[in-house]
Amino acid sequence: MNYVDGEFVDTGNCFENISPVDGTVINQVSEADRALVDRAVASGRAALEGEWGKMTLAKRCELLHNVADGIEARFDEFVAAEMADTGKSFFQARTIDIPRGAANFRAFADMVKSQPSECFHTDTPDGRGALNYSVNKPLGVVAVIAPWNLPLLLMTWKLAPAMAAGNVVIAKPSEETPATATLLAEVMHSVGIPKGVFNLVHGFGPGSAGEFLTAHEGVDAITFTGESRTGSAIMKAAADGVKSLSFELGGKNAAIIFADSDFDEAVAGTARSVFTNGGQVCLCTERVYVERSIFDKFVAAMKVKAEALKIGWPLDEDTDMGPVISHKHRDKVLSYYASARDEGATVVTGGGIPEFADDRDNGAFIQPTIFTGLSEQAKIQREEVFGPLCHITPFDTEAQAVAMANGSDYGLAATVWTTNLQRAHRVAQQMEVGIAWVNSWYLRDLRTPFGGVKLSGVGREGGVHSLAFYAEPMNICIKL
Ligand SMILES: NC(=O)c1ccc[n+]([C@@H]2O[C@H](COP(=O)([O-])OP(=O)(O)OC[C@H]3O[C@@H](n4cnc5c(N)ncnc54)[C@H](O)[C@@H]3O)[C@@H](O)[C@H]2O)c1
Ligand SMILES: N/C(=C\C=C\C=O)C(=O)O
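Along every chain, residues carry numbers that run from 1 in the direction the sequence is written. Each chain is given a letter, starting from A, and each ligand a number, starting from 1, according to the order in which they appear as written. Note on the predicted model: pLDDT of at least 70 is required for a residue's local features to be given, and 80 or more for side-chain atom pairs to be given and counted; whole-chain, interface and lining totals, by contrast, use all residues. Think of the side-chain values as coming from all heavy atoms in the structure, minus any hydrogens and water.

Caption draft 1: How the structure looks around the overall build of the protein. Scanning the protein from terminus to terminus reveals 16 helices and 22 strands. Buried residues are those whose accessible area, probed at 1.4 Å on protein chains only, stays under 20% of the maximum for their type, while exposed residues exceed 50% and partly exposed ones sit between those limits. Relative to its 480 residues, the protein shows a buried fraction of 58%. It only takes one pair of heavy atoms within 4.5 Å for two residues to be counted as in contact. Considering only contacts in the protein between residues 6 or more positions apart, those separated by 24 or more positions represent 73%. Across the protein, 42 positive and 60 negative side-chain charges occur, with their mean positions spaced 5 Å apart. Secondary structure is summarised from DSSP: a helix means a run of H or I of at least four residues, a strand means a run of E of at least two, and numbering begins at the N terminus for each. His residues and chain termini do not enter the charge count, which takes Lys and Arg as positive and Asp and Glu as negative. Think of each charge as sitting on NZ of Lys, CZ of Arg, CG of Asp or CD of Glu.

Okay, here's the thing in structure tokens:
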């Protein structure tokens, strides 16, 4: 169901939600039409001018903590829903996706309470001076458009600061993953978020709810997470309305492993950064650069890691990797596997589809894959694949590794593995990315700036960066 103006709405026009595990139909999803999007915008505007706009900060933060409580109270339902939509493992859903859904609301409910505002005493020629202070006002009606890879985590990563800053939101989850967003609407409704503050519209991008939102004259800002080319399309749609935009886009992330790294740690950490969530995390590594003296040993060790991954039923406790999100996406990843082979890659492991001889053969399962032997100009070195694969390349000098890692049109994340302190700082700071991890990956502090450079995004969210994006600071000058 959609959720607009405090009501669950079925437009009567549905699309099927297909399981990536076995190809069965999970449920029917009500697609929002333009009229429902219009109603959501009007309801949001009324909420801003009504109860929500007048609510105290303390009460707003209390409600956001209640939303977090509501997610935790229905934790198992959220886990099951996320796994059903995505096929991700029980481990991933229960240790990352759903806990972060609650954590995002708690983090921003707490951070916004201690958000300072500026004040300056200004000298004036008459000696009496002036007082310049600023107040933070909300942007207004914010469209939140989210992807399918970490559905609840990424939607709430935007909803939480937007609502903490006093905005009203219209959320549009991916058409692939409607379930946890709908559960979230039930939680919002049950904890008493005033009608119009949180709205949920299901649908697609072009010619559907996504596009209706981005071109809507009543939407004040758009925060989008998804493919870079979609970001460009949304930027065009929003241009006439001169809307505030925050974009978290694609990545083609590099890992650099020096011979002076802790070898076992570097192998384990890099394998995790390549294969987590089937490689369907924007921060995942797809390009691995290894110092030549340990190259063969490292490739062999990564092969062992890839072949040890248990690809199975998401609910099995020991499953490491489920299917990718859809047959369509699997075909895209397989086309990159084929292009790598066509360009002469060595297939270290994988490259195809696993066979189970059960219903999983109707799912979108794919083999974890490692390639070597290609140049930096190869297709899988230039383009984001967003699947469980990497290409491993040897390097001889630090400068060469830095140049290759930076030689991408993307710039989201990088990992650097070394035990040399100076080298760790030196190389990390040279990475042309928004986030560099040293001897770690996806270690997250929600107060830090998060975002990408180049094709990987526009702006930063996280901590004060989120609160800055979702606010309109206003300066008031008082002549004394
Ligand atoms: N940088 C990050 O934080 C981050 C996080 C997760 C995923 N991603 C990126 O997202 C991509 C995978 O997610 P995806 O396939 O859902 O991305 P996508 O761009 O296909 O879709 C993302 C969302 O945008 C909507 N959409 C599509 N076209 C639209 C349009 N023209 N107007 C309005 N809305 C539109 C979709 O319905 C979906 O809800 C990968 O490229 C990945 O790198 C980036
Ligand atoms: N934005 C975040 C993760 C993004 C993952 C991309 O797929 C986060 O952890 O806050």
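Caption draft 2: Examining the sheet that holds strand β14 (residues 346–349) more closely. The mixed open sheet is built from seven strands, whose spatial order is β14-β15-β16-β13-β12-β18-β19. Sheet topology places β14 and β19 (435–438) at the edges, where each strand pairs with a single neighbour. Direction aside, the axes of adjacent strands within the sheet are offset by 25° on average. We call two strands paired when DSSP finds no fewer than two bridges between them. Sheet topology note: the strand β18 (residues 413–417)/β19 ladder contains four bridges and is parallel. Note on β19: the bridge partner recorded for Ala413 is Ile435. Packing against the sheet, helix α11 (residues 295–308) makes contact with β12 (253–257), β13 (285–291), β14, β15 (369–372) and β16 (389–395), and its axis sits at approximately 170° to β16. Inter-axis angles, ranging from 0 to 180 degrees, are taken between N-to-C directions of lines fitted to C-alpha atoms, where helices are fitted over the stretch in contact.

Caption draft 3: Expanded view of the site of ligand 2. Being near a molecule or strand, for a residue, means having at least one of its heavy atoms within 4 Å of it. If you check the shell around ligand 2, you find Arg100, Asn149, Leu150, Leu153, Leu154, Trp157, Val281, Cys282, Tyr442, Arg444 and Phe450 and nothing else. Here a polar contact means two N or O atoms within 3.5 Å. Within protein one must be a hydrogen donor candidate and the other an acceptor candidate, and residues neighboring in sequence count only if both atoms are side-chain atoms. Here an oxygen atom of ligand 2 and a side-chain polar atom of Asn149 are 2.7 Å apart. At a separation of 2.7 Å, an oxygen atom of ligand 2 approaches a polar backbone atom of Cys282. Calculation on ligand 2 without its partners gives an accessible area of 310 Å², and the protein chains cover 99% of this total. By residue class, the composition of the shell around ligand 2 is eight nonpolar, one polar and two charged. Just so you know, the domain bounds were taken from an automatic or database domain assignment. Residues lining the shell around ligand 2 come from more than one domain, with at least three contributed by each of domain 1 (2–249 + 456–479) and domain 2 (253–445). Under the convention used here, a 1.4 Å probe and the Shrake-Rupley method define accessible areas, while residue burial counts only the protein chains that appear. Residues are grouped as follows: Ala, Val, Leu, Ile, Met, Phe, Trp, Tyr, Cys and Pro are nonpolar; Asp, Glu, Lys and Arg are charged; all remaining types, including Gly, are polar.

Caption draft 4: Quick peek at the site of ligand 1. Every one of the 31 residues lining ligand 1 counts as a neighbour, but Trp148, Lys172, Thr230, Leu249 and Glu384 are closest to it. Gly226 is positioned such that a nitrogen or oxygen atom in its backbone is 3.4 Å from an oxygen atom of ligand 1. Residue Thr230 places a side-chain N or O atom 2.7 Å away from an oxygen atom belonging to ligand 1. Here ligand 1, which alone exposes 850 Å², has 92% of that area covered by the protein.

Caption draft 5: Fine view of the side chain of Thr270. When you line up the elements, Thr270 lands in helix α10 (residues 263–275). Excluding anything up to four places from it in sequence, Thr270 contacts Ala255, Ile257, Val288, Phe298, Met302 and Trp417.

Caption draft 6: Quick look at the UniProt feature "active site" (unreviewed entry) in the protein. Per the UniProt record, the feature "active site" (unreviewed entry) sits at Glu248. Counting through the fold element by element, Glu248 comes out in strand β11 (residues 244–248). Glu248 gets classed as buried once you look at its relative accessible area, which sits at 5%. Excluding residues within four positions of it along the chain, Glu248 makes contact with Lys158, Phe224, Thr225, Gly226, Phe450, Gly451, Gly452, Ser456 and Glu461. UniProt positions are given in the numbering used here, feature names are shortened, and annotations may be inferred rather than shown by experiment.

Caption draft 7: How the structure looks around the UniProt feature "domain: Aldehyde dehydrogenase" (unreviewed entry) in the protein. As recorded in UniProt, the sites labelled "domain: Aldehyde dehydrogenase" (unreviewed entry) are residues 13–473. For residues 13–473, the end-to-end C-alpha separation is 41 Å, with 41% helix and 20% strand making up the annotated structure.

Caption draft 8: The arrangement of the nonpolar core in detail. Membership of the largest hydrophobic core comes to 93 residues, with the highest contact counts inside it found for Ile71, Phe105, Leu159, Met163, Leu184, Phe198 and Leu283. Residue contributions to this core reach at least three from each of two domains, namely domain 1 (2–249 + 456–479) and domain 2 (253–445). Residues within four places of Met163 in sequence aside, it is in contact with Trp52, Arg60, Leu64, Phe105, Val169, Met188, Ile193 and Val197. Ala266, Phe295, Ala306 and Val348 belong to the second-largest nonpolar core, a separate cluster that totals 22 residues. We call a set of buried residues a nonpolar core when its members are Ala, Val, Leu, Ile, Met, Phe, Trp, Tyr or Cys and they connect through side-chain atoms within 4.5 Å of each other.

Caption draft 9: Highlighting the packing of aromatic side chains. Each Phe, Tyr or Trp ring (for Trp, its six-membered ring) is paired with any other whose centre lies within 6.5 Å, and the angle between the two planes then decides the class: stacked below 30 degrees, edge-to-face above 60, tilted in between. Under the defined criterion, the tally for this structure stands at 14 aromatic pairs. Taken together, a centroid distance of 6.2 Å and an interplanar angle of 80° make the contact between Trp157 and Phe450 edge-to-face. With Trp157 in helix α6 (residues 151–164) and Phe450 in the loop between β19 and β20 (453–454), the pair connects residues that are 293 residues apart, well separated along the chain. Taking relative accessible area as the criterion, Trp157 reaches 3% and is therefore assigned buried. Note on Phe263 and Phe298: the rings are 6.1 Å apart at their centroids and 85° apart in plane angle, and the pair reads as edge-to-face. With Phe263 in helix α10 and Phe298 in helix α11, this residue pair connects regions lying 35 residues apart in the sequence. For Phe263, a relative accessible area of 15% corresponds to the buried category. Relative accessible area serves as the criterion here: at 0%, Phe298 is assigned to the buried category. Among the aromatic residues, those joined into a ring-pair cluster are Tyr3, Phe8 and Phe198.

Caption draft 10: Representation of the packing of helix α3 (residues 57–73) against α6 within the structure. One way to put it is that α3 packs onto α6 with a least axis distance of 10 Å and a crossing angle of 165°. Comparing the axis directions of α3 and α6 gives the class roughly antiparallel. Read as a crossing pair, α3 and α6 show a hand that is right-handed. Facing α3, whose interface residues are Leu57, Arg60, Leu64 and Ile71, α6 presents Leu152, Ala160, Met163 and Ala164. Roughly parallel means an angle under 35 degrees; roughly antiparallel means over 145; roughly perpendicular covers 65 to 115; every other angle is labelled oblique. Definitions for this section: a left-handed crossing has its near helix turned counterclockwise from the far helix by less than a right angle. A right-handed crossing has that turn clockwise.

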